[in-house]
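Next come the chains, spelled out residue by residue.
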Amino acid sequence: LDNISWSVFASPSLSTHYYLDRRIVSWLSEPEKAAVELGFRRAIQHQYDGAVEGLAEFYNTQDRFADAAQTYSWAAKAERAPALRENYLVGGGIAYAQAGDTVSAERLFDDAILEEPDDERPYRYLITLVLGPRHELKAAQDMIVHGVRAGADGLRLYDALAAVAQSDND
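What you see is a predicted model; the values in this text were computed from it and never measured.

Caption draft 1: Up close: the overall build of the protein. For the protein, the count of helices and strands is ten helices and zero strands. Of the regular secondary structure in the protein, the N- to C-terminal order runs α-α-α-α-α-α-α-α-α-α. In terms of principal-axis extent, the alpha carbons of the protein reach across some 55 × 35 × 25 Å. Counting the 170 residues in the protein, one finds 44% classified as buried. Roughly 9200 Å² of accessible area belongs to the protein as shown, and the carbon and sulfur atoms make up 51% of that amount. Taking the average place of the 16 positive charges on the side chains of the protein and the average place of its 27 negative ones, the gap between the two points comes to 3 Å.

Okay, structure coming up:
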């Protein structure tokens, strides 16, 4: 177990460990999963590149979306680099949406929009993962106007709205 933990700590990426393949993770014992998690947490403490994303993806492979979202949320609060903080906010919003917590997802997407107002990703995910499933198409349209005014790619935002409207039979 120590070897697993140290291996993940040294290389905090799922792709560098065959046993972290999505098909194999479910076969790991609980102590082995705990060792993997410990390795990722140590890598995060040492600020290794990709460690936050690695731990979140490890949780996602187990359908532990709320844990992935909390990992991203915590990392966003601690991160000083605006672009990386925005990536964590977007990742956390996606994970919260996958967990069914659209209120928290919306909050993180809103925070990501404040962080980088011209990035289309948080608007698009807010539209497709939160507002669309809630059938709030008027709010989605308003979000597009806000995004375009802030410099986000309007074509991608309108494409997201079209997909949501089509699935809503609108």
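Caption draft 2: Region of the structure containing helix 9 (residues 137–150). With 14 residues, helix 9 ought to run about 20 Å at 1.5 Å a step, and its terminal C-alpha atoms sit 20 Å apart, in line with that. For helix 9, the full list of buried residues reads Leu 137, Ala 140, Met 143, Ile 144 and Gly 147. Each buried residue of helix 9 sits inside an arc of 105° when the element is viewed along its axis, so together they form one side. Those residues of helix 9 that are exposed and aimed more than 90 degrees away from the buried face are Lys 138 and Arg 149. Of the surrounding secondary structure, the elements contacted by the buried residues of helix 9 are helix 7 (102–115), helix 8 (120–131) and helix 10 (154–167). Positioned one or two residues after helix 9, Gly 151 has a phi angle of 105°, which is positive.

Caption draft 3: Quick look at helix 10. With 14 residues, helix 10 extends 20 Å from end C-alpha to end C-alpha; this agrees with the ideal 20 Å at 1.5 Å per step. Here helix 10 has its buried residues at Gly 154, Leu 157, Ala 160, Leu 161, Val 164 and Ala 165. Projected onto a plane normal to the axis of helix 10, the buried residues spread over an arc of 130° and lie on a single side. Away from its buried face by more than 90 degrees, helix 10 exposes Leu 155, Asp 159, Gln 166 and Ser 167. Tucked inside the fold, the buried residues of helix 10 contact helix 8 and helix 9. Its side-chain oxygen placed 3.0 Å from the backbone nitrogen of Leu 155, Asp 153 serves as the N-cap of helix 10. Positive backbone phi, approximately 55°, marks Asn 169, located one or two places after helix 10.

Criteria and thresholds
- Residues numbered from 1 in each chain as written.
- Predicted model: local features only at pLDDT ≥ 70, side-chain atom pairs only at ≥ 80, totals over all residues.
- Heavy atoms only, no water.
- Helix = DSSP H or I, 4+ residues; strand = E, 2+ residues; numbered from the N terminus.
- Buried < 20%, exposed > 50% of the residue type's maximum accessible area, 1.4 Å probe, protein only.
- Areas by Shrake-Rupley, 256 points an atom, 1.4 Å probe, with all protein chains shown as cover.
- Lys, Arg positive; Asp, Glu negative; His and termini not counted.
- Charge placed at Lys NZ, Arg CZ, Asp CG, Glu CD.
- Expected span 1.5 Å × (residues − 1).
- Arc of directions from axis to C-beta.
- Contact = heavy atoms within 4.5 Å.
- Polar contact = N/O pair within 3.5 Å; in protein donor to acceptor, adjacent residues only side chain to side chain.

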